[in-house]
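A closer look at the structure
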Amino acid sequence: MANSASGMAVHDECKLKFLELKAKRNHRFIVFKIDEKIQQVAVEKVGSPEETYDDFTACMPPDECRYAVFDFDFTTDENCQKSKIFFIAWSPDTSRVRSKMLYASSKDRFKRELDGIQVELQATDPSEMSMDIIKARAL
């Protein structure tokens, strides 16, 4: 379970919720948190399909790191409906150095557990994950 490189385990619920988001599309987003006491990534919040990107960004704590996935629906220039799954590594400048290091060292292993991520984004403040950036990265 735990990875020797980072010592981080991934709770099964993380994978299950991600599969539901990817295959059944019954979640708009999922926010993940590392529980430092038990060295495990766990689901912190799940957003319903009706929730918006603003609802999602409001879930990101201003001074704590998080991982998140967001299912972004958009229309191409050719008027095709598409969707892309974003992986966002939220690491605000105001978070603890130890926390930033823990999230950075565990990110790649955690991402490998979530098969189907199409776009990765690293953000240290809200402007780095604005809707304009999401749209630009999706196209």
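Summary of the structure given here. (Residues numbered from 1 in each chain as written. Predicted model: local features only at pLDDT ≥ 70, side-chain atom pairs only at ≥ 80, totals over all residues. Heavy atoms only, no water.)

1. A word on the overall build of the protein
Counting secondary structure elements, the protein contains four helices and six strands. Element order for the protein, N to C, with α for helix and β for strand: β-α-β-β-α-β-β-α-β-α. Relative to the globule expectation of 14 Å for 139 residues, the C-alpha radius of gyration of the protein, 15 Å, shows essentially globular dimensions. Buried residues in the protein amount to 41% of all 139 residues. (Helix = DSSP H or I, 4+ residues; strand = E, 2+ residues; numbered from the N terminus. Rg over C-alpha atoms; globule rule 2.2 N^0.38 Å. Buried < 20%, exposed > 50% of the residue type's maximum accessible area, 1.4 Å probe, protein only.)

2. Details of the sheet that holds strand β2 (residues 29–35)
Read across the open sheet, the six strands follow the order β1-β3-β2-β4-β5-β6; overall the sheet is mixed. Looking at strand neighbours, the two that pair on one side only are β1 (9–10) and β6 (119–123), the edges of this open sheet. By the bridge criterion, seven bridges tie β2 to strand β3 (residues 40–47) in an arrangement that is antiparallel. Its bridge partner lying in β3, Ile-30 is registered against Val-46. (Pairing = 2+ DSSP bridges.)

3. As for the environment of Ile-133
Positionally, Ile-133 belongs in helix α4 (residues 131–138). Along the chain, Ile-133 and Lys-17 lie 116 residues apart, while their C-alpha atoms are 25 Å from each other. Dropping the residues within four chain positions of it, Ile-133 is found in contact with Leu-121, Ser-127 and Glu-128. (Contact = heavy atoms within 4.5 Å.)

4. Regarding the packing of aromatic side chains
Applying the stated rule across the entire model yields 11 aromatic pairs. Pairing Phe-29 with Phe-56 gives two aromatic rings, centres 5.2 Å apart and planes at 55°, and the pair type is tilted. Residue Phe-29 is located in strand β2, and its partner Phe-56 is located in helix α2 (residues 53–58); the two are separated by 27 residues in the primary sequence. Grouping residues by exposure puts Phe-29 and Phe-56 together as buried. Ring centres of Phe-56 and Phe-70 lie 5.1 Å apart, and the angle between their planes is 40°; this geometry places the pair in the tilted category. Placement of the pair is Phe-56 in helix α2 and Phe-70 in strand β4 (residues 66–75), with a sequence separation of 14 residues. Pairwise contacts between aromatic rings join Phe-32, Tyr-67, Phe-87, Tyr-103 and Phe-110 into one cluster. (Phe/Tyr/Trp six-rings, centres within 6.5 Å; stacked < 30°, edge-to-face > 60°.)

5. Notes on the side chain of Ser-106
Structurally, Ser-106 is set in helix α3 (residues 97–113). Polar side-chain contacts of Ser-106 include one of 2.9 Å to the backbone oxygen of Leu-102. (Polar contact = N/O pair within 3.5 Å; in protein donor to acceptor, adjacent residues only side chain to side chain.)

6. Considerations on the side chain of Ser-99
Positionally, Ser-99 belongs in helix α3. Excluding its chain neighbours within four sequence positions, the residues that come into contact with Ser-99 are Glu-36 and Cys-65.

7. Observations regarding the pairing of strand β5 (residues 81–90)
Here β4 runs beside β5; their pairing, made up of 10 bridges, is antiparallel. If you follow Ala-68 over to β5, its bridge partner there is Ile-88. The sheet contact formed by β5 and β6 spans five bridges and is parallel. Note on β6: the bridge partner recorded for Phe-87 is Glu-120. You can see the chain leave β5, run along α3 and come back into β6, and the turn it takes is right-handed. (Right-handed = clockwise from strand over helix to strand, strands pointing away.)

By themselves, these are just geometric observations and shouldn't be taken as functional.
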